[in-house]
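What follows is each chain in one-letter form.
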Amino acid sequence: VATVDFNRHTLMRDGENIEISAKELELLRYLVAHRGNVLSRDKLLTEVWGHQRDIATRTVDNFIVRLRKKIEENPAEPRYLITVHGSGYKLLEQ
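The rules behind each value
Residues numbered from 1 in each chain as written. Predicted model: local features only at pLDDT ≥ 70, side-chain atom pairs only at ≥ 80, totals over all residues. Heavy atoms only, no water. Pairing = 2+ DSSP bridges. Helix = DSSP H or I, 4+ residues; strand = E, 2+ residues; numbered from the N terminus. 1 Å grid on protein atoms, 1.4 Å probe; cavity = no way out; pocket = protein on both sides within 12 Å on 5 of 7 lines; lining within 4 Å. Points joined across faces, edges and corners; volume = space filled by probe spheres on them.

S.K.: I'm lost on the pairing of strand 2 (residues 10-13) in this one. Help?
M.R.: In regular strands, side chains alternate between the two faces of the sheet. Pairing of strand 1 (residues 2-5) with strand 2, which is carried by four bridges, proceeds in the antiparallel orientation. Counterpart to V4 in the pairing with strand 2 is L11. Connecting strand 1 to the next strand, strand 2, in antiparallel fashion are four residues, including H9 with a positive phi near 55°. Sheet topology note: the strand 2/strand 3 (residues 16-18) ladder contains three bridges and is antiparallel. Considered in strand 3, the bridge of M12 is made with N17.

In structure tokens form, the structure reads like this:
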């Protein structure tokens, strides 16, 4: 289980400090603030990246993959940060 401290910009998993970039932390903060809600790629681009025209929706997918590697025990079978096919992503309320 991962623990995040947004004030200290730290992420811990199993007692180890996990390196996290500022943008990954910003995305995680948004997901936590909207936990339980399905968030589309476009919504995430708008809210986290400011929807700059030169950023593709694949950017969101790549950041989700990176976050899963940091917070999930098995990123290939996520239990917390899930894909809602055809809609976007959801951080489960657990």
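S.K.: What is the right way to look at the layout of surface pockets in this model?
M.R.: Once rolled over the atoms, a probe with the size of a water molecule shows which space is left empty. Computed from the structure, the largest pocket encloses a volume of approximately 260 Å³. Along the walls of the largest pocket sit 13 residues, with A2, R35, I71, Y80 and L91 positioned nearest its centre. Every element with two or more residues in the lining of the largest pocket is listed here: strand 1 and helix 1 (22-33). With three residues, the single largest contributor to the lining of the largest pocket is strand 1.

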